[in-house]
Amino acid sequence: MCPACGHRQPPSDRFCARCGMPLVQSLGSEQPASARRRRARKIKAQYTEGPTVVVTSARNQVEAEFIAGLLLEEGIPCVLRGAIGGYAPLVGTRDVLVPESGAQAAREALAWQPQADAGPREPG
């Protein structure tokens, strides 16, 4: 419905046929975003340029997917590459590759350092 003149419009129209007012669809008409779209929204454009480079390796598929999730939370896209092309069992090392523009940020995100005071505490 047109907010200016009240004329009913089909959902596909972008402008009112009667008065020419731009139409805005209600929030209820939006479809929920797919998992793929939600993932794509997290990626920062500045980390998507250049050829892919290896930033780290993982011991297995599960560890590689964990690293990929960490990088995605920082906005850095990545791909996983198995040691044997065309064959990807759950075991075996995986390379984690990111676009060249995101390599430094990825290395910084993965450079975990334990805290100096994180040692065991004595009961007191």
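Everything that follows concerns the structure shown earlier in this document.
Here the structure is a predicted model, which means the values were calculated and not measured. (Residues numbered from 1 in each chain as written. Predicted model: local features only at pLDDT ≥ 70, side-chain atom pairs only at ≥ 80, totals over all residues. Heavy atoms only, no water.)

Caption draft 1: View of the overall build of the protein chain. Along the protein chain, the regular secondary structure elements total three helices and three strands. Reading the secondary structure of the protein chain in the N-to-C direction produces α-β-α-β-β-α. Across the 124 residues that make up the protein chain, the buried fraction comes to 21%. Long-range contacts, defined as pairs at least 24 residues apart, comprise 55% of the intrachain contacts of the protein chain with a sequence gap of at least 6. Roughly 9,600 Å² of accessible area belongs to the protein chain as shown, and the carbon and sulfur atoms make up 54% of that amount. (Helix = DSSP H or I, 4+ residues; strand = E, 2+ residues; numbered from the N terminus. Buried < 20%, exposed > 50% of the residue type's maximum accessible area, 1.4 Å probe, protein only. Contact = heavy atoms within 4.5 Å. Areas by Shrake-Rupley, 256 points an atom, 1.4 Å probe, with all protein chains shown as cover.)

Caption draft 2: Layout of the sheet that holds strand S2 (residues 79–82). The sheet built from three strands is open, its strands ordered S1-S3-S2 with antiparallel pairing. The outermost strands of the open sheet, each flanked by one partner alone, are strand S1 (52–60) and S2. The sheet shows a mean angle of 30° between the axes of neighbouring strands, taken without regard to direction. The pairing of S1 with strand S3 (residues 91–99) spans seven bridges and is antiparallel. For Ser 57, the partnering residue across the bridge sits in S3 and is Asp 95. Here helix H2 (residues 61–73) sits on the sheet in contact with S1, S2 and S3, set at roughly 135° to S1. Set on the sheet, helix H3 (residues 103–110) makes contact with S1 and S3; between it and S1 the angle comes to about 30°. (Pairing = 2+ DSSP bridges. Axes fitted to C-alpha atoms, helices over the stretch in contact; angles between N-to-C directions.)

Caption draft 3: Spotlight on the packing of H2 against H3. Packing of H2 against H3 leaves a shortest axis separation of 10 Å and a crossing angle of 115°. For the element pair H2 / H3, the angle class is roughly perpendicular. The element H2 and its partner H3 pack so that their crossing is right-handed. In this structure, H2 contributes Ile 67, Leu 70 and Leu 71 to the contact, and H3 contributes Ala 106, Ala 109 and Leu 110. Class assignment for the residues of the contact of H2 with H3 results in six nonpolar, no polar and no charged. (Parallel < 35°, antiparallel > 145°, perpendicular 65-115°, else oblique. Left-handed = near helix turned anticlockwise from the far one by under 90°. Nonpolar A, V, L, I, M, F, W, Y, C, P; charged D, E, K, R; others polar.)

Caption draft 4: Region of interest: H2. Taking 1.5 Å of rise per residue, 13 residues should cover 18 Å, and H2 covers 18 Å from first to last C-alpha, within 8% of that figure. Buried within H2 are the following residues: Gln 61, Ala 64, Ile 67, Ala 68, Leu 71 and Leu 72. The buried residues of H2 all sit within an arc of 140° when viewed along its axis, so they share a single face. Seen from the buried face of H2, the exposed residues on the opposite side, beyond 90 degrees, are Val 62, Phe 66 and Glu 73. (Expected span 1.5 Å × (residues − 1). Arc of directions from axis to C-beta.)

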